[in-house]
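Okay, here's what each chain looks like letter by letter:
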Amino acid sequence: QVQLVESGGGLVQPGGSLRLSCVVSGNIFSIYDVGWYRQAPGKQRELVATLTGGGTTTYADSVKGRFTISRDNTKNTVYLQMSSLTPEDTAVYYCNARNPYNLRGNYWGQGTQVTVSS
């Protein structure tokens, strides 16, 4: 079973920055499409950013220019660099890894809380 372990969440002031990390177990990380999603209280989970194994990125309009998704295949790790944070970015952030060649290969982390508040 593939496991995802997120870290890096916490409390940050408006305008601040955070970097989330997600380590993915297994030996085929490089082929996974990876992504970050978030869920705020009372709202549905939404896509934040994705990065395919081939290097194509997508971002939600609300985070474009402020967040950057990246990966290090030597460390089985995906990152989300977040800057210019606002209270609207407050949510639980979830890491996702999806095997594009196996529909059953869709994995989630446990989530990490990000709170933006003064």
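Structure's up top.
Residues numbered from 1 in each chain as written. Predicted model: local features only at pLDDT ≥ 70, side-chain atom pairs only at ≥ 80, totals over all residues. Heavy atoms only, no water.

Enquirer: Kindly report on the sheet that holds strand β7 (residues 67-72), identifying the contributing residues and their values.
Expert: Paired through backbone hydrogen bonds, the strands of a sheet run either parallel or antiparallel to each other. Strand order in this open sheet of four strands is β1-β3-β8-β7, and the pairing throughout is antiparallel. In the strand order of this sheet, the two ends are held by β1 (4-7) and β7, each with one partner. On average, adjacent strands in this sheet sit at an angle of 15° to one another, irrespective of strand direction. Where β7 meets strand β8 (residues 77-82), six bridges bridge the pair, whose relative direction is antiparallel. From the neighbouring strand, S70 faces β8, where its bridge partner is Y79. (Pairing = 2+ DSSP bridges. Helix = DSSP H or I, 4+ residues; strand = E, 2+ residues; numbered from the N terminus. Axes fitted to C-alpha atoms, helices over the stretch in contact; angles between N-to-C directions.)

Enquirer: Please set out the state of the cysteines residue by residue, giving values where relevant.
Expert: Each disulfide is one covalent bond, formed between the sulfur atoms of two cysteines. One pass over the structure, following the stated rule, counts one disulfide. Shown here is the disulfide that connects C22 with C95, its sulfur atoms set 2.2 Å apart. Across the S-S bond linking C22 and C95, the dihedral sits near -90°, which makes this disulfide left-handed. Taken together, the positions of C22 in strand β3 (residues 18-24) and C95 in strand β9 (residues 91-98) put the pair 73 residues apart, joining distant regions of the chain. Side by side, C22 and C95 carry an identical accessibility label, which is buried. (Disulfide = S-S within 2.5 Å. Buried < 20%, exposed > 50% of the residue type's maximum accessible area, 1.4 Å probe, protein only.)

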